[in-house]
Amino acid sequence: MSDEQSRYRAVEEEAFASYGAGRYAEGAATAIAAIPRLPRYRADLAHLAACLLALAGRPDQAYAQLRAALAAGAWWHRRILVDDDDLAALRDIDGFDALVSTAHARCVAAGAQAPAPVLRRPDGPPVGLLVALHGAGEDADDAARAWAGAVPEGWLLLAVSSTQRNTPAYRSWPEHAVGVRDIEAALGLLDETERALPTVAAGFSAGGRQAIRWALGGGAAAFVAMAPAVAPEQFDSEATAAAAARGVTGRVLIGEADDDVRDEALAAVGKLRAAGLRCGLDEIAGLGHRFPADFSARLATILAGVPSKH
């Protein structure tokens, strides 16, 4: 995680704490004050401030924050402007619809530019291919760092960025089919020998969900998901049973203190197992929604158990 990303996360956490406590104006002030020192997150901070100002009963000020950011080059996907109930008070403001249209057009244009994946090769011939998918608000560089422990174990690491963005700095995997296309495009950059390697789908949070579903659909022989943001209803029982019959296996790691995704992820693991899929589960004491400090060692142990052939 870059220094600017870390500073943004700290501001976001402070603003969300104000949001949760109902101190909307205070949270908005926190976001607005951070804008000059966090230029990469101009759109995110403006959106956060607008949501809080709208909830504070100041829709005109909220709209002004979005307009100023748009004028500075920011943009947002339509869904976070139109579908966000926090911004409901802005929907009848003159000019809001035009702002949404301009912002979304910029978003679509930016999404057409596929970011390059990150490829890390082991010193010797690779024993397998690990396709690593980042969490929400991250990118391929973050995934490459998080899953780097696979490379010393002989694995070729391919970290993929999603083309789906809510803002210039926020990538995630909301639409599975689009995510599959992003992964397949990255795989197309490998040679035939590399593409034929035993493949493991790996991901964190939203990327964990994408990784599991991609593996179940035939993309990989196994998956490793760290704190996957996944719910049971996102799996089709018949498709999961078919994946189990093909020999697809998985491993899910989740923190016992992960209040973000823990309950639904555990229920999802239960559904996978009920469909006949072999899915290991590691529950890590005291861990929140993040990677454990010993993740590289854990990953090495997991990958050592992956079959050498499909």
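As shown above, the structure is provided for reference.
Residues numbered from 1 in each chain as written. Predicted model: local features only at pLDDT ≥ 70, side-chain atom pairs only at ≥ 80, totals over all residues. Heavy atoms only, no water.

## Description of the packing of helix 2 (residues 24-34) against helix 3 (residues 42-55)
In helix packing, the relevant descriptors are the interaxial angle and the interaxial distance, both defined with respect to the helix axes. At a minimum axis separation of 8 Å, helix 2 and helix 3 run at an interaxial angle of 160 degrees. Our classification of the angle between helix 2 and helix 3 gives roughly antiparallel. Of the two elements, helix 2 crosses helix 3, and the hand of that crossing is left-handed. Only Leu45, Leu48, Ala49, Leu52, Leu53 and Leu55 of helix 3 make contact with helix 2, whose side of the interface consists of Tyr24, Gly27, Ala28, Ala31, Ile32 and Ala34. Looking at the contact of helix 2 with helix 3, its residues break down into 11 nonpolar, one polar and no charged. (Axes fitted to C-alpha atoms, helices over the stretch in contact; angles between N-to-C directions. Helix = DSSP H or I, 4+ residues; strand = E, 2+ residues; numbered from the N terminus. Parallel < 35°, antiparallel > 145°, perpendicular 65-115°, else oblique. Left-handed = near helix turned anticlockwise from the far one by under 90°. Contact = heavy atoms within 4.5 Å. Nonpolar A, V, L, I, M, F, W, Y, C, P; charged D, E, K, R; others polar.)

## Topic: the pattern of salt bridges
It is possible for side chains of opposite charge to pair when their charged atoms get near one another. Taken as a whole and assessed by the stated rule, the structure comprises eight salt bridges. A salt bridge links glutamate 194 to arginine 121; the nearest nitrogen and oxygen atoms lie 2.1 Å apart. In this pair, glutamate 194 is assigned in helix 9 (residues 192-195) and arginine 121 in the loop between strand 1 (118-120) and strand 2 (128-133), connecting sequence segments 73 residues apart. Owing to a relative accessible area of 9%, glutamate 194 belongs among the buried residues under this scheme. By relative accessible area, arginine 121 is classed as partly exposed at 49%. Of the charged contacts in the structure, one is a salt bridge between arginine 251 and aspartate 282, with a shortest N-O distance of 3.2 Å. With a gap of 31 residues between them, arginine 251 in strand 8 (residues 249-255) and aspartate 282 in strand 9 (residues 278-284) connect regions that are remote in the sequence. Judged by its relative accessible area of 30%, arginine 251 is partly exposed. Taking relative accessible area as the criterion, aspartate 282 reaches 15% and is therefore assigned buried. (Salt bridge = Lys/Arg side-chain N within 4 Å of Asp/Glu carboxyl O. Buried < 20%, exposed > 50% of the residue type's maximum accessible area, 1.4 Å probe, protein only.)

## Here we look at the sheet that holds strand 2
Taken together, the seven strands give an open sheet; going across it, the order is 1-3-2-6-7-8-9, and neighbouring strands pair in mixed fashion. The open sheet terminates on both sides in strands that have one partner only, identified here as strand 1 and strand 9. Within this sheet the neighbouring strands show an average axis-to-axis angle of 15 degrees, counted without direction. Bridging between strand 7 (residues 222-226) and strand 8 involves five bridges; their strand directions are parallel. Paired with alanine 222 across the two strands is threonine 249, which belongs to strand 8. Those strands touched by helix 8 (residues 176-187) are strand 2 and strand 3 (155-160), and its axis lies near 135 degrees from that of strand 3. Taken strand by strand, helix 10 (residues 206-216) contacts strand 2, strand 6 (199-204) and strand 7, and its axis lies near 155 degrees from that of strand 6. (Pairing = 2+ DSSP bridges.)

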